[in-house]
Amino acid sequence: MEIRKAVIPVAGLGTRLLPATKSMPKEMLAVGRKPVVQYVVEEMEACGLKDILFVTGRSKRTIEDHFDFNSELYSNLVGTGKRDLLESLSFENMEATFFYVRQAQPKGLGHAIMQARDFVGNEDFVVALGDSIICEDGKRLLETMLEAKKERNAEAVIAVQAVPWEEVHHYGIVKPLSGQSGAVVDLASIIEKPSKNEAPSNLAVAARYIFSPLIFDMLERTLTDKRGELQVTDAIESLIRQGKRVCVVVMQGKQKRYDIGNYLSYYKAFIDFAMSDPDYGQDLRHYVEKALQGE
Ligand code: UTP
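Residues numbered from 1 in each chain as written. Predicted model: local features only at pLDDT ≥ 70, side-chain atom pairs only at ≥ 80, totals over all residues. Heavy atoms only, no water.

(A) Molecular detail of the site of the ligand. Near the ligand there are 19 residues, and of these T15, R16, E27, Q103 and G108 occur at the shortest range. Note that an oxygen atom of the ligand is positioned 2.8 Å from one of the backbone N or O atoms of G108. Taking 570 Å² as the accessible area of the ligand by itself, protein coverage stands at 83%. Grouping the constituent residues of the shell around the ligand by class yields eight nonpolar, six polar and five charged. (Near = heavy atom within 4 Å. Polar contact = N/O pair within 3.5 Å; in protein donor to acceptor, adjacent residues only side chain to side chain. Areas by Shrake-Rupley, 256 points an atom, 1.4 Å probe, with all protein chains shown as cover. Nonpolar A, V, L, I, M, F, W, Y, C, P; charged D, E, K, R; others polar.)

This is the structure:
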């Protein structure tokens, strides 16, 4: 059966981006001309995922509003002859159906995914973090993941990217089965935020997952960590321990993940997107060059 459901968790507090995120979701921060979460939704739709569930929380209302048709704005733009601006709202007509469920308290990504159990039912599904943009030139990362899920008959497929060894303690880090290499490999284990010495590789989980519904059974049995959060990494490790097949797709070449979870990577993402803006990118590049020369 084709995978058609995507779950986008957007219920986190985003504390690393305070004060910007005090009353505004980090997933609604603009990167270039669009809010982060719009890139995520467009990526899902382009891969044929038409049923999209947002796991939302308090202060996340603007996400629902963003994907809703705004008749007042539409009439205003038509009435004032601003048809060109209407085009920027064409995403409102995308062929996707949106669903929402609340995570009452932000108790971790694993807990957010648990809220999707009724929506998912008996089907395989995608999880795409609402604060991460995947940029690609050519074949889509998620397409490769969907193919791998089918071909390898895995219980989970996870996107990973190589990160500097100094940064492994920020991520879930995977250990591929020995002897395997290439773009798709099976996993021997996974560990959440290891120290540089503990890390079995520098391949970090990169915001996109595909799961079979078995992940819910694993999550149900997983204990919360010392911060009271339910980690999906621990549930994935349980799948592997039970002898289930889990594989990773390693991000290649020009594929890039922007994590809009801290200011440094948010600024980097904004600069990259703004500099490739069709109308203003060129001027902005000149501006930045001059600014760097101290003019
Ligand atoms: P993060 O791991 O960046 O956590 O979430 P966070 O709580 O949003 O941010 P900080 O650490 O306080 O700065 C990754 C993605 O998972 C969602 C977030 O909304 C984000 O899109 N998430 C995280 C949830 O939906 N629920 C949670 O309990 C935690």
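Picking up after the structure, the text goes on.
(B) How the structure looks around the packing of aromatic side chains. In the structure shown here, the tally under the stated rule is 15 aromatic pairs. Taking the centre distance of 5.6 Å and the plane angle of 35° together, the rings of Y263 and Y267 count as tilted. One end of the pair is Y263 and the other is Y267, both in helix α10 (residues 263–275) and four residues apart, which spans about a single turn. An aromatic cluster of three or more residues is present, and its members are F54, F67, F91, F98 and Y100. Over the face of the ring belonging to F119 we find K5, whose NZ or CZ atom lies 5.2 Å from the ring centre. (Phe/Tyr/Trp six-rings, centres within 6.5 Å; stacked < 30°, edge-to-face > 60°. Helix = DSSP H or I, 4+ residues; strand = E, 2+ residues; numbered from the N terminus. Lys NZ or Arg CZ within 6 Å of the ring centre and 35° of its normal.)

(C) Examining the pairing of strand β8 (residues 156–162) more closely. Most of β8 is tucked away, with six of its seven residues classed as buried. Relative to strand β12 (residues 246–250), β8 runs parallel, the two sharing five bridges. Following the sheet pairing, A156 is matched in β12 by V246. (Buried < 20%, exposed > 50% of the residue type's maximum accessible area, 1.4 Å probe, protein only. Pairing = 2+ DSSP bridges.)

(D) Summary view of helix α7 (residues 141–152). Across its 12 residues, α7 extends 16 Å between first and last C-alpha, which sits within 8% of the 16 Å expected from 1.5 Å per residue. Where α7 is concerned, the buried positions are L141, L142, T144, M145, L146, A148 and K149. One or two steps after α7, the chain reaches N153, where phi turns positive at roughly 50°. (Expected span 1.5 Å × (residues − 1).)

(E) Just the pattern of salt bridges, in detail. Per the stated rule, a full pass over the model turns up 24 salt bridges. A salt bridge links K5 to E123; the nearest nitrogen and oxygen atoms lie 3.5 Å apart. Here the residue K5 occupies a position in strand β1 (residues 5–9), and E123 occupies one in the loop between α6 (117–120) and β6 (125–128), the gap between them amounting to 118 residues. Note on K5: relative accessible area 9%, which makes it buried. Where D137 meets K254, a salt bridge forms, and the shortest distance between an N and an O atom there is 3.7 Å. You can see D137 sitting in the loop between β7 (132–135) and α7 and its partner K254 sitting in the loop between β12 and β13 (256–259), a full 117 residues away along the chain. A cluster of three or more residues bridged by salt bridges with shared partners is formed by R4, K5, D51 and E123. (Salt bridge = Lys/Arg side-chain N within 4 Å of Asp/Glu carboxyl O.)

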